[in-house]
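A look at the structure
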Amino acid sequence: MGGAVAKQNLPKALMPEKKLEIKIVEAMQQRESRGTSIKSFNSIILKFPKIDTSLRKCKATFQQFDEDANGMIDRQELKNCFRELKINFTEEEVSDLFEACDISDEMGMKFSEFIVLLCLVYLLKQDSTGLHVKSRMGLPDLESTFETLVEAFVFLDKNHDGHVSRREMVEAINETTSGGRSSGRIAMRRFEEMDWDKNGMVNFKEFLFAFTRWVGIDNDDEEGDDVAQNN
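Each value, and the rule that gives it
Residues numbered from 1 in each chain as written. Predicted model: local features only at pLDDT ≥ 70, side-chain atom pairs only at ≥ 80, totals over all residues. Heavy atoms only, no water. Helix = DSSP H or I, 4+ residues; strand = E, 2+ residues; numbered from the N terminus. Polar contact = N/O pair within 3.5 Å; in protein donor to acceptor, adjacent residues only side chain to side chain. UniProt positions renumbered as here; feature names shortened; annotations may be inferred. Core = buried A, V, L, I, M, F, W, Y, C linked by side-chain atoms within 4.5 Å. Buried < 20%, exposed > 50% of the residue type's maximum accessible area, 1.4 Å probe, protein only. Contact = heavy atoms within 4.5 Å. Axes fitted to C-alpha atoms, helices over the stretch in contact; angles between N-to-C directions. Parallel < 35°, antiparallel > 145°, perpendicular 65-115°, else oblique. Nonpolar A, V, L, I, M, F, W, Y, C, P; charged D, E, K, R; others polar. Left-handed = near helix turned anticlockwise from the far one by under 90°. Salt bridge = Lys/Arg side-chain N within 4 Å of Asp/Glu carboxyl O.

Per an unreviewed UniProt entry, the protein chain carries the name Calcium-binding protein CML21 and comes from Heracleum sosnowskyi.

So, in structure tokens, the structure goes:
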């Protein structure tokens, strides 16, 4: 993955994290080999309210492991979370995931970042070629929602290379609409919202961060910051 933007100008989570990125791409490619039940981009949009409701139920889990109640989960709290949920990752893997999802570089994950991390864990644990196939998240109610997010990405990634390109995004939108100028603009706007490093390719992590904004989860983080500053 390239990109013309200088590294220092990129969100921290989108700087090259080769080992984790390779694992995510490989796990996604393996998942993509099984196909998806999603047939249109509109069907993804129609799922937004149900996904939003499901993800917000994870707030209690987030607060449970935010032991100092500062609105963020730090490294030690994340380790405690993984141990409690029986997520069997190595310390290096936990650290890599933390670095990848702490996009605000505050040494702690906000709620939306925590959701993205759990969904990445869900994808990685399905990789039957790795060590995670027998791991369990301890969050059965959320796993169906995470599967929907995985299926949405599989639908968008037409060539199953683990990334979504501009062309694939336009194709996905055009399958739902008449393919006119307005649909092209919609596709480009959605793609730009996902492509944070402006390299013309969207990985699953970028897709997830965009998705939390689309359904409004990111707004919860901003409101929480405002409350903390006013107290």
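This is not the end of the story, as more comes after the structure.
1. Here we look at the side chain of Glu-168
Note on placement: Glu-168 falls in helix α9 (residues 166-176). A polar contact of 3.1 Å, which involves the side chain of Glu-168, links it to the backbone nitrogen of Lys-158.

2. Section: the UniProt feature "domain: EF-hand" (unreviewed entry) in the protein chain
UniProt's feature table lists "domain: EF-hand" (unreviewed entry) at residues 53-88, 144-179 and 182-217, given in the numbering used throughout. The straight-line gap between the two end C-alpha atoms of residues 53-88 is 27 Å; of that span, 58% is helix and 0% is strand.

3. What to know about the nonpolar core
Within the largest apolar cluster, 66 residues are counted, with the highest numbers of intra-cluster contacts made by Phe-82, Phe-204 and Phe-207. Looking at which element gives the most residues to this core, the answer is helix α7 (residues 111-125), with 12 residues. Non-local contacts of Phe-82, meaning those with residues more than four positions away in its chain, are made with Ile-87, Phe-89, Val-94, Leu-97, Leu-117 and Val-121.

4. Regarding the packing of α7 against helix α8 (residues 140-156)
In contact at an axis separation of 10 Å, α7 and α8 are set at 80 degrees when each is read in the N-to-C sense. When the interaxial angle is binned, α7 and α8 end up roughly perpendicular. Of the residues in α8, those in contact with Ile-115, Leu-118, Cys-119, Tyr-122, Leu-123 and Lys-125 of α7 are Glu-143, Phe-146, Glu-147, Leu-149 and Val-150. The residue inventory of the contact of α7 with α8, partitioned by class, reads 8 nonpolar, no polar and 3 charged.

5. A look at the environment of Ala-172
Position of Ala-172 relative to the elements: it lies in helix α9. Using a relative accessible area of 0% as the deciding quantity, one classes Ala-172 as buried. Distance from Ala-172 to Phe-155, taken between C-alpha atoms, is 7.8 Å for residues 17 residues apart in sequence. Not counting the four nearest positions on each side in its chain, Ala-172 is found in contact with Phe-41, Phe-155, Leu-156 and Lys-158.

6. What to know about the packing of α7 against helix α11 (residues 204-214)
In contact at an axis separation of 10 Å, α7 and α11 are set at 140 degrees when each is read in the N-to-C sense. Classified by the interaxial angle, the pair formed by α7 and α11 is oblique. Judged by the sense of rotation from one axis to the other, the crossing of α7 with α11 is right-handed. In this structure, α7 uses Ser-112, Glu-113, Val-116, Cys-119, Leu-120 and Leu-123 to contact α11, whose residues at the interface are Phe-204, Lys-205, Leu-208, Phe-209 and Thr-212.

7. Details of the pattern of salt bridges
Going through the model one piece at a time under the given rule, you end up with 10 salt bridges. Between Glu-147 and Arg-31 there is a salt bridge; the shortest N-O distance is 2.7 Å. Of this pair, Glu-147 sits in helix α8 while Arg-31 sits in helix α1 (residues 18-32), and the two are 116 residues apart along the sequence. Here Glu-147 and Arg-31 have matching classes, each one buried. Residue Arg-190 is joined to Glu-193 by a salt bridge in which the shortest nitrogen-to-oxygen separation is 3.6 Å. Of the two residues, Arg-190 and Glu-193 are both situated in helix α10 (residues 181-194); the distance of 3 residues between them amounts to about one turn of the helix. Each of the salt bridges in this network shares a partner with another, and the network as a whole consists of Arg-31, Glu-147 and Glu-151.

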